[in-house]
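One-letter residues, chain by chain:
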Amino acid sequence: MKIQGKHIYLYGKYYDTSKNKSSFINSEYDIMIYKFLDNENRTIGSLEGFFISEIDSFKSFENNPLVLRNQMKEFEEMYKGKFFPFTESN
């Protein structure tokens with residue numbers, strides 16, 4: 001999605017369907033940046049917020065990019081963007 005020169009993507013906890021869901025509770029696993037094709041319908045139960053970027057860098061990614069939680073700041077700098085969580089963590 002693009003609004004006034006900004007590219008907006010949803011992000012959430014990466015969930016590997018081949019693993020037990022309980023192994024992801026309270027962990028520092030990767031997050032996934034979700035990019036959608038036009039008119040694509042999708043249900044995602046692990047959304048955490050928005051990633052808003054000044055550049056459309058995701059055209060180069062074939063799949064949804066994964067980001068380590070401890071590397072989110074570097075990802076923001078690399079793609080001139082910012083993560084906006086739905087809720088603030090303590």
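For the structure itself, look to the data block above.
Let me sum up the structure you'll find in this document. (Residues numbered from 1 in each chain as written. Predicted model: local features only at pLDDT ≥ 70, side-chain atom pairs only at ≥ 80, totals over all residues. Heavy atoms only, no water.)

**Quick word on the overall build of the protein chain**
Right, so step 1: Counting secondary structure elements, the protein chain contains one helix and six strands.
Right, so step 2: From first element to last, N terminus to C terminus, the protein chain shows the α and β order β-β-β-β-β-α-β.
Right, so step 3: Looking at the protein chain residue by residue over its 90 residues, the buried ones come to 31%.
Right, so step 4: As displayed, the protein chain offers around 6700 Å² of accessible surface, 49% of which is attributable to carbon and sulfur atoms. (Helix = DSSP H or I, 4+ residues; strand = E, 2+ residues; numbered from the N terminus. Buried < 20%, exposed > 50% of the residue type's maximum accessible area, 1.4 Å probe, protein only. Areas by Shrake-Rupley, 256 points an atom, 1.4 Å probe, with all protein chains shown as cover.)

**Re the pattern of salt bridges**
Right, so step 1: The final tally for this structure, using the stated rule, is three salt bridges.
Right, so step 2: Linking Lys6 and Glu54 is a salt bridge whose minimum nitrogen-to-oxygen distance equals 3.8 Å. On the criterion of sequence distance, the pair formed by Lys6 in strand S2 (residues 6-13) and Glu54 in the loop between strand S4 (47-53) and strand S5 (66-67) is long-range, its members being 48 residues apart.
Right, so step 3: Owing to a relative accessible area of 34%, Lys6 belongs among the partly exposed residues under this scheme.
Right, so step 4: With its nearest N and O atoms 3.6 Å apart, the salt bridge here joins Glu76 to Lys73. Linking Glu76 with Lys73, this pair stays in helix H1 (residues 72-78), spanning three residues, or about one helical turn.
Right, so step 5: We classify Lys73 as exposed; its relative accessible area is 53%. (Salt bridge = Lys/Arg side-chain N within 4 Å of Asp/Glu carboxyl O.)

**Describing the packing of aromatic side chains**
Right, so step 1: Counting across every chain of the model gives six aromatic pairs.
Right, so step 2: Judged by centre distance (4.7 Å) and plane angle (50°), the rings of Phe75 and Tyr79 are tilted.
Right, so step 3: Taking the relative accessible area as the measure of exposure, Tyr79 reaches 12% and is therefore buried.
Right, so step 4: Aromatic rings pair up to connect Tyr11, Phe51, Phe75, Tyr79 and Phe83 into one cluster. (Phe/Tyr/Trp six-rings, centres within 6.5 Å; stacked < 30°, edge-to-face > 60°.)

**Comments concerning the nonpolar core**
Right, so step 1: In this structure, Tyr9, Tyr11, Ile31, Ile33, Phe51, Phe58, Val67, Met72, Phe75, Tyr79 and Phe83 together form the largest nonpolar core, which totals eleven residues.
Right, so step 2: Excluding residues that lie within four positions of it along the chain, Ile33 makes contacts with Tyr9, Leu10, Tyr11, Phe51, Phe58, Asn64, Pro65, Val67, Phe75 and Phe83. (Core = buried A, V, L, I, M, F, W, Y, C linked by side-chain atoms within 4.5 Å. Contact = heavy atoms within 4.5 Å.)

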